[in-house]
Amino acid sequence: MGGNGPWKQVHAGRLFAVTEHGTTRKGRQTMSFLKRRAARGAVIAAVGISALGLSAVTASAKVDYGFKVSPHTVKVGARVHVKGYAMNDDDLFQKFCVQQRQGTGSWHTVKCAHGAVWDGGKVDTWVRAEHRGTLQFRGALYETDWNSKKLHLQMVTPTETVKVR
């Protein structure tokens, strides 16, 4: 193999030259060992970071709810229909409740569903508007911890407002 100059026949009849900057193959510069290793490390890091991001998204619990109040304007003494449900895909005991408040006062529970594991339940009730002003309603989903049977607030629905004339 002496007639090829700096070229050496290494594998499957291909000619390679060994230089100080890396290996060339028939005049084409290939990546050096360190550059290949750095590129491989960058790709592995990017894939790892994206996998962590996806696992964080898929591991989060998903809450499904529906909440409706009608009518949105009533006279004093009239009844307001409040209907809603909520559930979470966690395997914990859940309970859905409807809450109301007058104006900017504190929230009071009107009615709760029985609750179950995987399902907070449904509430369908009527509330009498007793005072002029603004009535606000919302749904609240409660869950238990693994270690206790005490209910903790998991989420609330957006507030629905009723004007009482």
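Above: the structure in question.
These numbers come from a predicted model, not from an experiment.

A. Up close: the overall build of the chain. Broken down by element type, the chain carries one helix and 14 strands. Residues classed as buried in the chain amount to 26% of the 165 residues present. A separation of at least 24 residues holds for 57% of the contacts in the chain among residues at least 6 apart in sequence. Looking at the chain as shown, the accessible area adds up to about 11300 Å², and 57% of this sits on carbon and sulfur atoms.

B. Summary view of the state of the cysteines. Under the defined criterion, the tally for this structure stands at one disulfide. Here cysteine 97 engages in a disulfide with cysteine 112; their sulfurs sit 1.9 Å apart. Between cysteine 97 and cysteine 112, the S-S torsion sits near 105°, and that sign places the bridge as right-handed. Taken as a pair, cysteine 97 in strand β8 (residues 93-102) and cysteine 112 in strand β9 (residues 108-112) lie far apart in primary sequence, 15 residues in all. Looking at cysteine 97, the relative accessible area reads 2%, which means it is buried.

C. Expanded view of unusual backbone geometry. Residue proline 71 follows serine 70 across a cis peptide bond; omega there is -10°. Inspection of the secondary structure puts proline 71 in the loop between β5 (63-70) and β6 (73-74). The phi dihedral of tryptophan 118 is positive, around 75°, even though this residue is not glycine.

D. Structural context of the side chain of histidine 81. On the secondary structure map, histidine 81 appears in strand β7 (residues 79-88). Polar side-chain contacts of histidine 81 include one of 2.4 Å to the side chain of aspartate 124.

E. Geometry of the nonpolar core. By size, the foremost hydrophobic cluster in this structure holds 18 residues, and its most contacted members are Phe67, Val69, Val80, Val82, Phe137 and Val162. Of all the secondary structure elements, the ones that give two or more residues to this core are β5, β7, β8, β11 (122-128), β12 (133-144) and β14 (160-164). With sequence-adjacent residues up to four places away left out, phenylalanine 67 is seen in contact with Val82, Lys83, Gly84, Phe96, Val98, Phe137, Arg138, Gly139, Thr157, Pro158 and Glu160.

About the criteria used
- Residues numbered from 1 in each chain as written.
- Predicted model: local features only at pLDDT ≥ 70, side-chain atom pairs only at ≥ 80, totals over all residues.
- Heavy atoms only, no water.
- Helix = DSSP H or I, 4+ residues; strand = E, 2+ residues; numbered from the N terminus.
- Buried < 20%, exposed > 50% of the residue type's maximum accessible area, 1.4 Å probe, protein only.
- Contact = heavy atoms within 4.5 Å.
- Areas by Shrake-Rupley, 256 points an atom, 1.4 Å probe, with all protein chains shown as cover.
- Disulfide = S-S within 2.5 Å.
- Polar contact = N/O pair within 3.5 Å; in protein donor to acceptor, adjacent residues only side chain to side chain.
- Core = buried A, V, L, I, M, F, W, Y, C linked by side-chain atoms within 4.5 Å.

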